[in-house]
Amino acid sequence: MAGLGGGYALVPGMIYLFGAPVYITMGTSLAAMIPLALIGGLLKILGSYVNIVFAVSVGIGTS
């Protein structure tokens with residue numbers, strides 16, 4: 001509801017509970033976002049919330 005991802009809890013949790021190094025926790029947090037973003041994007045596309053032509057043109061324009 002606040003627009004926060006799980007990283008604000010995942011990173012400190014891995015540092016303090018498991019003693020993981022900071023660079024490992026940050027990389028793990030970033031890697032965990034990839035499947036979530038893919039699934040969320042796919043659900044939006046399947047739900048017809050995305051104008052594919054506009055999305056591709058914006059993607060090409062920003063790369």
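Definitions and cut-offs
Residues numbered from 1 in each chain as written. Predicted model: local features only at pLDDT ≥ 70, side-chain atom pairs only at ≥ 80, totals over all residues. Heavy atoms only, no water. Helix = DSSP H or I, 4+ residues; strand = E, 2+ residues; numbered from the N terminus. Rg over C-alpha atoms; globule rule 2.2 N^0.38 Å. Buried < 20%, exposed > 50% of the residue type's maximum accessible area, 1.4 Å probe, protein only. Patch = residues over 30% accessible without salt bridge, like charges linked within 9 Å, V, L, I, M, F, W, Y side chains within 5 Å. Areas by Shrake-Rupley, 256 points an atom, 1.4 Å probe, with all protein chains shown as cover. Salt bridge = Lys/Arg side-chain N within 4 Å of Asp/Glu carboxyl O. Polar contact = N/O pair within 3.5 Å; in protein donor to acceptor, adjacent residues only side chain to side chain. Contact = heavy atoms within 4.5 Å. Axes fitted to C-alpha atoms, helices over the stretch in contact; angles between N-to-C directions. Left-handed = near helix turned anticlockwise from the far one by under 90°. Nonpolar A, V, L, I, M, F, W, Y, C, P; charged D, E, K, R; others polar.

K.L.:
Give a detailed account of the overall build of the protein chain, specifying residues and quantitative values.
P.N.:
Looking only at helices and strands, one finds three helices and zero strands in the protein chain. Going from N to C terminus, the protein chain has its helices and strands arranged as α-α-α. Taking 2.2 N^0.38 as the reference for a compact globule, 63 residues should give roughly 11 Å; the C-alpha atoms of the protein chain span a radius of gyration of 16 Å, well beyond that estimate. Seen through its principal axes, the protein chain has C-alpha atoms that stretch 45 × 25 × 20 Å. For the protein chain, with 63 residues in total, the buried portion stands at 10%.

K.L.:
I'd like to hear about unusual backbone geometry, residue by residue, with values.
P.N.:
Leaving glycine aside, a negative phi is the common case for residues, and trans is the common case for peptide bonds. The backbone phi angle of serine 48 is positive, close to 60°, even though this residue is not glycine. Tracing the backbone shows serine 48 in the loop between helix 2 (22-46) and helix 3 (52-62). By relative accessible area, serine 48 is classed as exposed at 64%.

K.L.:
Please provide a residue-by-residue account of a nonpolar patch on the surface, values included.
P.N.:
Where nonpolar side chains cluster on the molecular surface, the patch consists of Ile45, Tyr49, Val50, Ile52, Val56 and Ile60 and spans about 600 Å² of accessible area. Counting residues per element, the nonpolar patch draws most heavily on helix 3, at three residues. Take isoleucine 45: it is sitting in helix 2.

K.L.:
Can you break down the side chain of threonine 25 residue by residue, with the values?
P.N.:
Within the element layout of this structure, threonine 25 appears in helix 2. Here threonine 25 falls in the buried class, since its relative accessible area comes to 0%. Side-chain polar atoms of threonine 25 contact the backbone oxygen of valine 22, separated by 2.7 Å. Setting aside residues up to four positions removed in sequence, threonine 25 forms contacts with Val11, Met14, Ile15 and Ala20.

K.L.:
Describe the side chain of serine 29, with residues and values.
P.N.:
Relative to the helices and strands, serine 29 resides in helix 2. In this view, serine 29 contacts Gly7, Leu10 and Val11; residues no more than four positions away in its chain are not counted.

K.L.:
With reference to specific residues and values, describe the packing of helix 1 (residues 7-18) against helix 2.
P.N.:
Each pair of packed helices can be described by the angle between their axes along with the distance between the axes. In the contact formed by helix 1 and helix 2, the axes pass within 9 Å of each other and the chain directions differ by 145°. The handedness of the crossing between helix 1 and helix 2 comes out as right-handed. Here Gly7, Leu10, Val11, Met14 and Ile15 of helix 1 lie close against helix 2, whose contacting residues are Val22, Thr25, Thr28 and Ser29. Taken together, the residues of the contact of helix 1 with helix 2 break down into five nonpolar, four polar and no charged.

The quantities given are spatial measurements derived from coordinates; they are silent on function.
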